[in-house]
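# Examining the three-dimensional arrangement
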Amino acid sequence: WSSSPDKLRRLLLRPALGVAGLIERWCYRNVDVVTCDSEFTSSLLTRDFKAAFRRSAARVLPGWVDTERFTPEGRGVDWPALLGRRPGCPVFFTLRALVPRNGLSMLLDAARLLRERGRRFELVIGGSGPLRADLERRVTELGLAGQVFFAGRIADDDLPMFYRSSAV
């Protein structure tokens, strides 16, 4: 067995997956409502757990976005310029707590790759948290000063404008 750790892993994985499947089916049999992001997800659950999942218990809650407030209104308005961004330069925007689990370090790595490939862009990071100083230092180390900006805490009333100003 020492020469074949993959065999041991496979041997142990099979019963673990079986137990996980039993727990999952038990959960679906014993809930009143299952929420899904889309009809597609609901159909997958129905397909994979026919015996346990009651389709009538599914509730699709798509997106959770206030579509009245967050609209791409104002065509012709240069939203990035209103925020002091460079004209004609795509703006990427994210709003996060500046904490490790949100992957902002990986986002900065992706921004570095874009810059290395000659892409013009600006990245605006909204939010606050304990990683702010580390992330700002990382921006400098990666040579992204002038392309990555920290907006700090963004007032709720200003959020629609930030989203409208971004390319994605």
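Our subject is the structure that appears above.
A short tour of the structure in this document, coming up. (Residues numbered from 1 in each chain as written. Predicted model: local features only at pLDDT ≥ 70, side-chain atom pairs only at ≥ 80, totals over all residues. Heavy atoms only, no water.)

## Quick word on the side chain of Gln-147
Mapped onto the elements, Gln-147 comes out in the loop between helix 5 (132–141) and strand 5 (148–152). A distance of 3.4 Å separates a polar side-chain atom of Gln-147 from the backbone oxygen of Phe-121. Once you skip the residues sitting within four places of it in the chain, Gln-147 turns out to touch Arg-86, Arg-115, Arg-119, Phe-121, Glu-122 and Leu-123. (Helix = DSSP H or I, 4+ residues; strand = E, 2+ residues; numbered from the N terminus. Polar contact = N/O pair within 3.5 Å; in protein donor to acceptor, adjacent residues only side chain to side chain. Contact = heavy atoms within 4.5 Å.)

## As for the pairing of strand 5
The two faces of strand 5 differ: Val-148, Phe-150 and Gly-152 on one face are buried, but Phe-149 and Ala-151 on the other face are not. The parallel pair strand 4 (residues 122–126) and strand 5, bridged by helix 5, forms a crossover whose chirality is right-handed. (Buried < 20%, exposed > 50% of the residue type's maximum accessible area, 1.4 Å probe, protein only. Right-handed = clockwise from strand over helix to strand, strands pointing away.)

## A closer look at the sheet that holds strand 4
Here three strands make up an open sheet; going across it, the order is 3-4-5 and the pairing parallel. Here the strands that pair on one side only, and so sit at the sheet edges, are strand 3 (91–95) and strand 5. When strand polarity is set aside, the average angle formed by the axes of neighbouring strands in this sheet is 20°. Pairing geometry for strand 3 and strand 4, over five bridges, is parallel. Each bridged residue has a counterpart across the sheet, and for Val-91 the counterpart in strand 4 is Glu-122. (Pairing = 2+ DSSP bridges. Axes fitted to C-alpha atoms, helices over the stretch in contact; angles between N-to-C directions.)

## Observations concerning the pattern of salt bridges
Inspection of the entire model under this criterion finds five salt bridges. Its salt-bridge partner being Arg-112, residue Glu-116 comes within 3.0 Å of it at the nearest N-O pair. Note that Glu-116 and Arg-112 are positioned in helix 4 (residues 104–116) at a spacing of four residues, about one turn of the helix. Since its relative accessible area comes to 48%, Glu-116 is described here as partly exposed. (Salt bridge = Lys/Arg side-chain N within 4 Å of Asp/Glu carboxyl O.)

## What about the environment of Pro-160?
The residue Pro-160 is located in helix 6 (residues 159–164) in this model. Residues Pro-160 and Pro-72 lie 88 residues apart in sequence; the distance between their C-alpha atoms is 8.8 Å. Setting aside residues no more than four positions away along its own chain, Pro-160 makes contact with Arg-69 and Phe-70.

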